[in-house]
Amino acid sequence: DQLLELQHLDQKFNNEQKDDQEKLDNVEGEIEAQEGRLLQLRERLEVYHSMKEKYERLMCEVHSLESEKQALASELEKAQVDPTKGCSVAIKRKLEKVEES
């Protein structure tokens, strides 16, 4: 009778051990999946920061070009009012060049 009970307890223990191992395997699989997603997120974040940096540099360049365009337009306007103060043709070319950029 004790032997039968021991066998039953041993079988129960083995079944619980199998269940626990399956749960452990599932958790390990979930952890690996989460690590993969985290790695993808990290890579995308690096790409985002790179793109943001490029965007900010380009915006600075645009602002600089806009300022140059305004200055050239102002010079052109002054030269057209009084042609003796500057060469409007050269200023027009510079302005067109900036506008093309």
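Predicted model, so just to flag it, every value in this text is computed and none were measured. Every chain begins its residue count from 1, and numbering advances along the sequence as written. Owing to the predicted nature of the model, reporting of local features is limited to residues with pLDDT of at least 70; listing and counting of side-chain atom pairs is limited to 80 or more, with chain, interface and lining totals taken over all residues. For the side-chain quantities, the full set of heavy atoms in the structure was used; hydrogens and water were omitted.

**Quick word on the nonpolar core**
Then, in step 1: What we call a nonpolar core is a set of buried Ala, Val, Leu, Ile, Met, Phe, Trp, Tyr and Cys residues that are connected through their side-chain atoms within 4.5 Å. Partly exposed describes any residue whose relative accessible area lies between the buried limit of under 20% and the exposed limit of over 50%, with all areas from a 1.4 Å probe on protein chains only and scaled to the type maximum. Judged by nonpolar contacts, Leu-72, Leu-76, Ala-79, Ile-91, Leu-95 and Val-98 together constitute the single largest core of six residues.
Then, in step 2: Residues within four places of Leu-95 in sequence aside, it is in contact with Lys-69, Leu-72, Ala-73 and Leu-76. Pairs of residues are marked as contacts when any of their non-hydrogen atoms sit within 4.5 Å.

**As for helix 1 (residues 2-81)**
Then, in step 1: The end-to-end C-alpha distance of helix 1 is 116 Å, a good match for the 118 Å that 80 residues give at a rise of 1.5 Å each.
Then, in step 2: Leu-72, Leu-76 and Ala-79 are the residues of helix 1 that are buried. Secondary structure elements are taken from DSSP: a helix is a run of H or I of four residues or more, a strand is a run of E of two residues or more, and numbering for both begins at the N terminus. To estimate how far a helix should extend, the number of its residues minus one is multiplied by 1.5 Å.

**Details of the pattern of salt bridges**
Then, in step 1: One speaks of a salt bridge when a side-chain nitrogen belonging to Lys or Arg is within 4 Å of a carboxyl oxygen belonging to Asp or Glu. Enumeration over the complete set of coordinates arrives at one salt bridge.
Then, in step 2: Between Arg-57 and Glu-53 there is a salt bridge, with its nearest N and O atoms 3.5 Å apart. With a gap of four residues between them, Arg-57 and Glu-53 both fall in helix 1, about one helical turn apart.

Shape is all these values report; function is a separate question.
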